[in-house]
Amino acid sequence: MIRIAICDDSRIERTILAQLLESLIKERSLECSITCFDSGEELLRKYEKEQFDLLFLDIIMSNLNGIDTGREIRKQDV
């Protein structure tokens with residue numbers, strides 16, 4: 001199973017990306033779980049080491065951007 005996280009402060013963007021990913025994965029007869037977060041802070045609060053195989057992080061978010069969120073996750077996964 002592919003474990004995917006989507007972190008974007010736009011609900012519409014999260015929904016579109018999740019639907020696209022679900023369609024592509026279903027097309028290839030794979031299994032996945034998709035978890036959505038509306039901020040980098042929320043993702044970091046709920047993140048556990050090696051919880052996801054793939055992260056989609058919005059670069060421009062109001063407080064903690066995707067780049068800084070990714071840096072924090074890398075620190076936790078070391």
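Here, every reference points to the structure presented above.
Residues numbered from 1 in each chain as written. Predicted model: local features only at pLDDT ≥ 70, side-chain atom pairs only at ≥ 80, totals over all residues. Heavy atoms only, no water.

Caption draft 1: Layout of the side chain of R14. Assignment of secondary structure puts R14 in helix 1 (residues 11-27). The residues touching R14, leaving out its near neighbours within four places in the chain, are I6, D8, D9, C36, F37 and D38. (Helix = DSSP H or I, 4+ residues; strand = E, 2+ residues; numbered from the N terminus. Contact = heavy atoms within 4.5 Å.)

Caption draft 2: Highlighting the pattern of salt bridges. A complete count under the given rule lists 5 salt bridges for this structure. With its nearest N and O atoms 2.9 Å apart, the salt bridge here joins D53 to R3. Here D53, found in the loop between helix 2 (40-46) and strand 3 (54-57), pairs with R3, found in strand 1 (residues 2-7); they are 50 residues apart in sequence, far enough to count as distant. By relative accessible area, D53 is classed as partly exposed at 45%. Using a relative accessible area of 31% as the deciding quantity, one classes R3 as partly exposed. Residue R28 pairs with E27 through a salt bridge whose shortest N-O separation is 3.3 Å. For the pair shown, R28 and E27 are each scored as exposed. (Salt bridge = Lys/Arg side-chain N within 4 Å of Asp/Glu carboxyl O. Buried < 20%, exposed > 50% of the residue type's maximum accessible area, 1.4 Å probe, protein only.)

Caption draft 3: View of the nonpolar core. If you look at the biggest cluster of nonpolar residues, it comprises 10 residues: A5, C7, F37, L43, L44, Y47, F52, M61, L64 and I73. Counting residues per element, the ones that place at least two in this core are strand 1 and helix 2. In terms of nonpolar packing, the next biggest core, distinct from the first, is built from 5 residues, I6, A18, L21 and I25 among them. (Core = buried A, V, L, I, M, F, W, Y, C linked by side-chain atoms within 4.5 Å.)

Caption draft 4: Structural detail: the environment of D58. For D58, the position within the fold is in the loop between strand 3 and helix 3 (66-77). When the C-alpha positions of D58 and G40 are compared, they lie 8.8 Å apart, and in sequence the two are 18 residues distant. Those residues in contact with D58 that lie beyond four places of it in its chain are C7, D8, D9, N65 and G66.

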